[in-house]
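This is what each chain is made of:
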Amino acid sequence: MSEQYRFVVVANRLPVDEIVDDDGKRAWTRSPGGLVSALQPTVRARRGAWIGWAGGTGEAPEPFALDGMWLHPIALTQQELDHYYEGESNATIWPLYHDAVETPAFHRHWREAYRRVNQRFAEAAAELAAPGAVVWVHDYQLQLVPAMLRELRPDLRIGFFLHIPFPPVELFMQLPWRTQILKGLLGADLVGFQRPGGAENFLRLTHNLGLEPEGDRVVVDGRTVTARAFPISIDVDEMEKLAADPHIRQRAKQLSEELGGHRRLLLGVDRLDYTKGIEHRLKAYRELLAEGRLSNQDVALVQVATPSRLRVAQYRQLRERVEREVGRINGEFGEVGLAPVHYLFRSYDREELLALYLAADVMVVTPLRDGMNLVAKEYVAARTDNSGALVLSEFTGAAAELPEAFGVNPHDVDGLKEAFVAALETPAEELGERMRRMREHVCAHDVGRWAREFLDALGEPPG
Ligand code: GDG
């Protein structure tokens, strides 16, 4: 039998990317991102393992150790990638859990692949977990894993955290296999959500199984399952360190100069996803230029749109619509050497992203629905001098924690326009006070605290 671990993370992706150097040699590097920085110390301190897909299809690479973690790759066939990941996860569950802002598609063969792949993850966890170990399962791709794992290993402490919103009952009920998903989640001892509303939606649904939740608990087959909010956050130290780096500060200055020196910079940073409200913000910006309330001489919008899920039709269509709108705005309001929208369809390294956060006068975060939105928190953490303004959709998890942002309903174009103008015109002193309060909150609630609170609530056995 292979070695076993007292702490196991199960997530769709492993926290590594495979790189191939000029000589064709392959190596793994840690992937950037808050979840990895949060969980790596947690996994390492417990000499733990991480189970996930390594990218690519066909046979999985052999398990290996990296940065103090034992990494166990799960294999996916091309068909499973199509059906489990792009189909059921990203064309059914993702849109349904985000208020059905795009129409979810329901296909039985996707569902079967989702079940099969979840079983594979559960079996790997059952094999790697030591007796009485803690297993922490992540996100919407793996909602069946908790029950499957409990069936195989009733001795484990199982936690599940959902990174995206958990929808209202009426929407969840559209899922043809809603009962299996609910039972899947109820296999955990602790089910964590970004917002209390998600936990409430989930607990309300357990009535359908004849259960009677009390407070944040529900008893299932004599076992108590707790459902609560654990709002995720970011690695504040990492952000502040990058924000203080002289090279990055210099790069931020250079970016401002390249955009025209005196022009105020509005910034959007999102995966190119229809939940992020990119079209809504472009529309508001275009109308402000058309009405002369903003002038291309005075402002510029930089939109980083990280490529995402381009094999899913709705994402390709979104890309076409966004690029058409950007072209339209630049065509109508641009001048030679002075574009109103700088659209960047690519992924940047953390350093460049930080330089953009430092250069931006206004950060625009306008999702139609978002579990948390880490970009908003990253911007706040990066503004160590308390300057800058945040426009933030009220439909993000972050909005509940950052009431000093310029709150918006992205469906209300006039409201969006007012918020853009207000963010640009509010006196520096008031902006400074708002940012100071937001920073205070984010600095006191970083991602390390999130992980600790979740694991404390899960009740790790003394070890
Ligand atoms: C899901 C939920 C929840 C973006 N572009 C680049 C880049 N990023 C980084 C950002 C940020 C992360 O990706 C995006 O996180 P968000 O929270 O904004 O959004 P999702 O990807 O939808 O995340 C969300 C989150 O899970 C965590 O629970 O907050 O609600 O939907 O960290 O900085 N990073 C780099 N280059 C880029 O071009 N390096």
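What this report covers is the structure whose coordinates are included nearby. As the structure is a prediction and not an experimental result, all values here were calculated from the model.

Once that is clear, we can look at the overall build of the protein chain. Within the protein chain, the regular secondary structure consists of 17 helices and 17 strands. A compact globule built from 463 residues would reach a C-alpha radius of gyration of about 23 Å, and the protein chain, at 23 Å, matches this within 12%. With the principal axes as the frame, the protein chain shows a C-alpha extent of 65 × 55 × 40 Å. Among the 463 residues that make up the protein chain, the fraction classed as buried is 56%. A sequence separation of at least 24 residues applies to 74% of the contacts in the protein chain between residues at least 6 apart. Total accessible area on the protein chain is roughly 19300 Å²; 48% of this is exposed by carbon and sulfur atoms. If you average the places of the 54 positive and of the 68 negative side-chain charges in the protein chain, the two averages end up 2 Å apart.

This part takes up the site of the ligand. Neighbouring the ligand are 20 residues, the closest being His163, Tyr348, Asp370, Leu374 and Glu378. The side chain of histidine 163 places a nitrogen or oxygen atom 2.7 Å from an oxygen atom of the ligand. Between glutamine 194 and the ligand, the recorded distance is 3.1 Å, taken from a side-chain N or O atom to an oxygen atom. The protein chains hide 85% of the 730 Å² of surface that the ligand would expose on its own. Its residues assigned to classes, the shell around the ligand shows nine nonpolar, six polar and five charged. Mapping the shell around the ligand onto the domain boundaries places at least three of its residues in each of domain 1 (5-232 + 448-458) and domain 2 (236-444).

Our next topic: unusual backbone geometry. In this structure, arginine 47 is a non-glycine residue whose phi angle is positive, near 45°. The residue arginine 47 is located in the loop between helix H1 (34-45) and strand S4 (49-53) in this model. Its relative accessible area of 62% is what places arginine 47 among the exposed residues. In the Ramachandran plot, aspartate 99 falls in the positive-phi region, its phi being about 60° despite a non-glycine side chain. Residue placement: aspartate 99 occurs in the loop between helix H2 (78-97) and helix H3 (108-128).

The strand order S5-S6-S4-S1-S7-S8-S9-S11-S10 describes an open sheet built from nine strands, whose pairing is mixed. Across the chains shown, the open sheet's two edge strands, defined by having one partner strand only, are strand S5 (64-66) and strand S10 (217-220). Direction aside, neighbouring strands of the sheet carry axes that sit 25° apart on average. For S4 and strand S6 (residues 69-74), the ladder comprises five bridges, and the chain directions are parallel. For glycine 52, the partnering residue across the bridge sits in S6 and is proline 73.

What follows deals with the nonpolar core. Membership of the largest hydrophobic core comes to 101 residues, with the highest contact counts inside it found for Tyr97 and Phe202. The biggest single contributor to this core is H3, with 10 residues. Counting the residues that make up this core, at least three belong to each of domain 1 (5-232 + 448-458) and domain 2 (236-444). Excluding residues within four positions of it along the chain, tyrosine 97 makes contact with Gln143, Leu162, Ile164, Pro165, Phe166, Pro167, Phe172, Leu175 and Ile181. Counting residues in hydrophobic clusters, the runner-up holds 68 residues, among them Leu66, Ile248, Ala360 and Ala451.

All right, on to the packing of helix H9 (residues 246-258) against helix H12 (residues 350-359) then. Taken N-terminus to C-terminus, the directions of H9 and H12 make an angle of 60°; their axes are 8 Å apart at the nearest point. When the interaxial angle is binned, H9 and H12 end up oblique. In this structure, the crossing between H9 and H12 has a hand that is right-handed. Counted together, Ile248, Arg249, Arg251, Ala252, Leu255 and Ser256 of H9 and Glu351, Glu352, Leu354, Ala355, Leu356, Leu358 and Ala359 of H12 form the full contact between these two elements. Tallied by class, the residues present in the contact of H9 with H12 amount to eight nonpolar, one polar and four charged.

Our focus in this paragraph is the packing of aromatic side chains. Each aromatic ring pair is summarised here by two numbers: the centre-to-centre distance and the angle between the ring planes. Per the counting criterion, the structure on display carries 21 aromatic pairs. Seen in terms of ring centroids, phenylalanine 166 and phenylalanine 193 are 5.6 Å apart; in terms of plane orientation they differ by 70°. Their pairing is edge-to-face. With phenylalanine 166 in the loop between strand S8 (157-161) and helix H5 (169-172) and phenylalanine 193 in strand S9 (residues 190-193), this residue pair connects regions lying 27 residues apart in the sequence. Here phenylalanine 166 matches phenylalanine 193 in class, with each residue buried. Here phenylalanine 193 and phenylalanine 202 contribute two aromatic rings whose centre-to-centre distance is 5.5 Å and whose plane-to-plane angle is 45°, an arrangement assigned as tilted. Residue class for phenylalanine 193 comes out buried when judged on its relative accessible area of 2%. Ring-pair connections join several aromatic residues into one group, and the members of that group are Trp53, Tyr84, Tyr85, Tyr114 and Trp177. For arginine 46, the ring lying beneath its charged end belongs to phenylalanine 7, and the centroid distance is 5.2 Å. Lying across the ring of phenylalanine 406, arginine 434 places its NZ or CZ 4.0 Å from the centre.

As a further point, take the sheet that holds strand S17 (residues 406-408). One open sheet accounts for six strands, arranged S14-S13-S12-S15-S16-S17; its pairing is parallel. The outermost strands of the open sheet, each flanked by one partner alone, are strand S14 (341-344) and S17. Averaged over neighbouring strand pairs, the angle between their axes works out to 20° when direction is ignored. Sheet topology places strand S16 (residues 389-393) next to S17; three bridges connect them, and they run parallel. Among the inter-strand pairings, leucine 392 is bridged to a residue of S17, identified as glycine 407.

Procedures and definitions
- Residues numbered from 1 in each chain as written.
- Predicted model: local features only at pLDDT ≥ 70, side-chain atom pairs only at ≥ 80, totals over all residues.
- Heavy atoms only, no water.
- Helix = DSSP H or I, 4+ residues; strand = E, 2+ residues; numbered from the N terminus.
- Rg over C-alpha atoms; globule rule 2.2 N^0.38 Å.
- Buried < 20%, exposed > 50% of the residue type's maximum accessible area, 1.4 Å probe, protein only.
- Contact = heavy atoms within 4.5 Å.
- Areas by Shrake-Rupley, 256 points an atom, 1.4 Å probe, with all protein chains shown as cover.
- Lys, Arg positive; Asp, Glu negative; His and termini not counted.
- Charge placed at Lys NZ, Arg CZ, Asp CG, Glu CD.
- Near = heavy atom within 4 Å.
- Polar contact = N/O pair within 3.5 Å; in protein donor to acceptor, adjacent residues only side chain to side chain.
- Nonpolar A, V, L, I, M, F, W, Y, C, P; charged D, E, K, R; others polar.
- Domains from an automatic or database assignment.
- Pairing = 2+ DSSP bridges.
- Axes fitted to C-alpha atoms, helices over the stretch in contact; angles between N-to-C directions.
- Core = buried A, V, L, I, M, F, W, Y, C linked by side-chain atoms within 4.5 Å.
- Parallel < 35°, antiparallel > 145°, perpendicular 65-115°, else oblique.
- Left-handed = near helix turned anticlockwise from the far one by under 90°.
- Phe/Tyr/Trp six-rings, centres within 6.5 Å; stacked < 30°, edge-to-face > 60°.
- Lys NZ or Arg CZ within 6 Å of the ring centre and 35° of its normal.

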